[in-house]
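What the coordinates show
In case you want the letters, here they are:
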Amino acid sequence: MSVRTDAALPSVNTVYNVNRIREDFPILKQIVHGKPLVYLDNAATTQKPLQVLKELEKYYYTMNANIHRGVHALSQEATEAYEGSRIKIKKFINALGKNEIIFTRGTTESINLVAQSYGRKNFSEGDEVIITHMEHHSNIVPWQMICEERKAKLRVIPIDENGELVFEEFEKMLNKKTKFVSVVYASNSLGTVNPVKKIIDLAHSFNVPVLIDAAQAVNHLKIDVQELDCDFLAFSGHKLYGPTGIGILYGKVNHLDSMPPYQGGGDMISKVTFEKTLYNELPYKFEAGTPNIAGAIGLGAAIDYVEKIGIENIARHENNLLEYATEKISELKGLRIIGTSKNKISVLSFVLENVHPHDVGTFLDFEGVAIRTGHHCTQPIMDRYGIPATSRASFGMYNTFDEIDVLVNGLKKILEVFG
């Protein structure tokens, strides 16, 4: 990685004005244990700009009503805002139509929807589903559950010491028994960015559909579902500077049309009798019950915010932060970085010799630094490296080089105390 010196740090007058961006995030002004908050837990959830918070407030203050069912003014206004967000999301990932965009509670529910609906219909005894060794539990457990139910087999693409997929093994796994591939775009615990386009193209040569878990990619990388040609794609609003409890499942229409509903209830029906129910058209067939209306509207506002700054600009800033942080902590004796892929998002996981990650996180908290410690819902990765957990710093659009210096100085103190 290239060296990032203090002299090369961006000033307030550069095109990417991180200080101006930080003004939109009031939570960053907090004091924690007498120290300014340094929030480096963005892979778990990102903070929300005022523009998103104001949209949430606006909904509850001025248009709180259920959608799709009312003829009164509030319901009509809420419906328009809700469906307007669907259109924003469609454009954001370049889907063909808004009927390919399904609102869910998050990435986890999106993957479960596909596993239960597509999997229950299409998997049979002896079939195979392929995932990778670096998956989040949300992209492991749903496939285990449906494979157990349908007596199918779950196969796992291994990773090497750098945290990169052993692609040759994936090539060997694909066969006539393969019925589905589900892979993470970017690892939440290693930072590795997988060659998803290459994976999709190879799987499609065997007529195998592919789901992409984009939870950790959507706020770092430009995503074009038509260019990727993925069959499904899932992400969460709260990773994209939007509200919690809202997520997206993108799916190609031919798949979604053939899949049975995931849940039954209101709004997913066209007609109900005691003899038979006719289901609603896409995407509403998969949106049973009153949805997270405010969350959907807030996600639309978050997308507006991200697009105004530019995902490419954000990615460039975060990559500079990652390079700088990687170089700085690599100088610390007794520290080992876990996940050294050449192609990474801004996630930096590490272990300190003779110091448990939970102690690292607690110590840094008293320095005002918020990081994540534990297995990050990727226990198989921890087993792969023979460790119980890691400490993870993850960077977002509003983080600064000065904050990385605070992190590094905190780690130096820890090494002195535990040395």
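My aim in this report is to walk through the structure given alongside it, one point at a time. (Residues numbered from 1 in each chain as written. Predicted model: local features only at pLDDT ≥ 70, side-chain atom pairs only at ≥ 80, totals over all residues. Heavy atoms only, no water.)

1. With respect to the pattern of salt bridges
Scanning the entire structure with this criterion turns up 20 salt bridges. When the shortest N-O distance is used, the salt bridge between Asp24 and Arg20 registers 3.2 Å. The buried category is assigned to Asp24, whose relative accessible area is 9%. In this structure, Lys29 engages Glu23 in a salt bridge whose closest nitrogen and oxygen atoms are separated by 3.6 Å. (Salt bridge = Lys/Arg side-chain N within 4 Å of Asp/Glu carboxyl O. Buried < 20%, exposed > 50% of the residue type's maximum accessible area, 1.4 Å probe, protein only.)

2. Overview of the sheet that holds strand β6 (residues 153-157)
Pairing between the strands of a sheet is mediated by backbone hydrogen bonds and can be parallel or antiparallel. The strand order across the open sheet built from seven strands is β4-β10-β9-β8-β7-β5-β6, with neighbouring strands paired in mixed fashion. Across the chains shown, the open sheet's two edge strands, defined by having one partner strand only, are β4 (101-104) and β6. Neighbour-to-neighbour, the strand axes of this sheet turn through a mean angle of 20°, independent of strand direction. The pairing of strand β8 (residues 210-213) with strand β9 (residues 232-236) spans three bridges and is classified as parallel. Within β9, the residue paired with Ile212 across the bridge is Leu233. Against the sheet, helix α3 (residues 73-92) touches β4, β9 and β10 (247-251), its axis set at about 120° to β4. (Pairing = 2+ DSSP bridges. Helix = DSSP H or I, 4+ residues; strand = E, 2+ residues; numbered from the N terminus. Axes fitted to C-alpha atoms, helices over the stretch in contact; angles between N-to-C directions. Contact = heavy atoms within 4.5 Å.)

3. What about the packing of aromatic side chains?
In total, this model carries 15 aromatic pairs according to the counting rule given. Relative to Tyr60, the ring of Tyr59 lies with its centre 4.9 Å away and its plane at 70°, an arrangement referred to as edge-to-face. Judged by its relative accessible area of 52%, Tyr60 falls in the exposed class. Of note, Lys198 hangs over the ring of Phe167, and the distance from its end group to the ring centre comes to 4.3 Å. When the ring centre of Tyr385 is taken as origin, the NZ or CZ atom of Arg384, which lies over that ring, is 5.3 Å away. (Phe/Tyr/Trp six-rings, centres within 6.5 Å; stacked < 30°, edge-to-face > 60°. Lys NZ or Arg CZ within 6 Å of the ring centre and 35° of its normal.)

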